Amino acid sequence: MPETALPPSINIPEEEGEETLESMVDLPPILRGLDTAGEEEPEEEEIINYAEDEVVRARIQREIIPLLDEIRNRRIPLEQMWASLLKIWTLEHEEQGYAGRSNVYMPAGKKVIETIVSQLVANTFPGDESFDVSARGEEDAAGAILNKGVLAYRMDTAKVRTKAEAFYRQLALTGNSPVKIHYVKDVVFTIGRDRVTGKEIKKEKVIKEGPQFDCIDINCFYAFPENANSLEEASIVFEDISVPFGELVRKSKKGIYSVESVDNLRKGKREKKTRSD
């Protein structure tokens, strides 16, 4: 599906007095097919970084950080069981059951898992149109068609079908498979010069803009208490993530991370490198 326009099947001719696509659905510019080149983007809202608040930071270090360590330790037995189940799929021996020349691992468990995964994916996405949007009344018929096109575009942009296998495989192996659905905007900048004036020109090109569907590694996702049936019932939900140092620096300039803390990390890296040299 093209990224600059909706498919022809939902391009409804605009009539006098009829609601337009933009008025009925809140779409980003990339979906409206508008040329936004040269327009000034709205100013970003100021981000409040609570990590810079000494009272908040002290309370987190005093109350939350010790609790996170306890939650990780409580889940170690469960993670060991997940590791054993994963070895069934990867065809790894935990213990050598037979000491001889043959070292064959029967892939019965893996075949069962892959059969379940393929069936789940096929039933979730039976064809090109795996869902439908129905109007409550005749007056909503046009809006239903538009909303279906928007949802199809978003699912295609997020690559839900492509990532469904990993989601279902983790679900079959561990019984849990958390997913993160968030909005991303990947931008690259090109630098050139004006042919007439010779001035340097910096242009922004959007590589991707839209929702993203990510299957989270269950070993990095925590919910407490462990027997919570939903995230709403959990007291604490958190994810362990690895952030490249360059991203820390970039986001600290935007106020997302503390500049002072990132500088301390930089100094720590330099001191560690000096000691190793």
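Residues numbered from 1 in each chain as written. Predicted model: local features only at pLDDT ≥ 70, side-chain atom pairs only at ≥ 80, totals over all residues. Heavy atoms only, no water.

**Things to note about the side chain of glutamine 170**
Phase 1: Assignment of secondary structure puts glutamine 170 in helix H7 (residues 160-174).
Phase 2: A distance of 2.9 Å separates a polar side-chain atom of glutamine 170 from the backbone nitrogen of isoleucine 218.
Phase 3: With near-sequence residues (within four places) excluded, glutamine 170 lies in contact with Gly175, Asn176, Ser177, Pro178, Cys215, Ile216, Asp217 and Ile218. (Helix = DSSP H or I, 4+ residues; strand = E, 2+ residues; numbered from the N terminus. Polar contact = N/O pair within 3.5 Å; in protein donor to acceptor, adjacent residues only side chain to side chain. Contact = heavy atoms within 4.5 Å.)

**As for the packing of helix H4 (residues 76-90) against H7**
Phase 1: For the pair H4 and H7, the least separation of the axes is 9 Å and the interaxial angle reads 120°. Comparing their axes, H7 and H4 come out oblique. Crossing hand, H4 versus H7: right-handed. Touching Trp82, Leu85, Leu86 and Trp89 of H4 are Arg169, Leu173 and Thr174, all from H7.
Phase 2: Split by residue class, the contact of H4 with H7 holds five nonpolar, one polar and one charged. (Axes fitted to C-alpha atoms, helices over the stretch in contact; angles between N-to-C directions. Parallel < 35°, antiparallel > 145°, perpendicular 65-115°, else oblique. Left-handed = near helix turned anticlockwise from the far one by under 90°. Nonpolar A, V, L, I, M, F, W, Y, C, P; charged D, E, K, R; others polar.)

**A few points about the nonpolar core**
Phase 1: In terms of nonpolar packing, the biggest core is built from eleven residues, these being Ile113, Val117, Val121, Phe125, Ala158, Val160, Ala164, Phe167, Tyr168, Leu173 and Phe213.
Phase 2: Ranked by the residues each element gives to this core, the list is headed by H7, at five residues.
Phase 3: Not counting chain neighbours up to four residues away, the residues in contact with alanine 158 comprise Lys163, Pro211, Gln212 and Phe213.
Phase 4: By size, the runner-up hydrophobic cluster in this structure holds six residues, among which are Leu68, Ile71, Tyr222 and Phe238. (Core = buried A, V, L, I, M, F, W, Y, C linked by side-chain atoms within 4.5 Å. Buried < 20%, exposed > 50% of the residue type's maximum accessible area, 1.4 Å probe, protein only.)

**Topic: the packing of aromatic side chains**
Phase 1: On inspection of all chains with the given rule, the structure shows two aromatic pairs.
Phase 2: An angle of 10° between the planes, with centres 4.8 Å apart, marks the rings of tyrosine 222 and phenylalanine 238 as stacked. With tyrosine 222 in strand S3 (residues 221-224) and phenylalanine 238 in strand S4 (residues 236-239), the pair connects residues that are 16 residues apart, well separated along the chain. Both residues of the pair, tyrosine 222 and phenylalanine 238, count as buried.
Phase 3: It is arginine 72 that lies over the ring of tyrosine 222; its NZ or CZ is 5.8 Å from the centre. (Phe/Tyr/Trp six-rings, centres within 6.5 Å; stacked < 30°, edge-to-face > 60°. Lys NZ or Arg CZ within 6 Å of the ring centre and 35° of its normal.)

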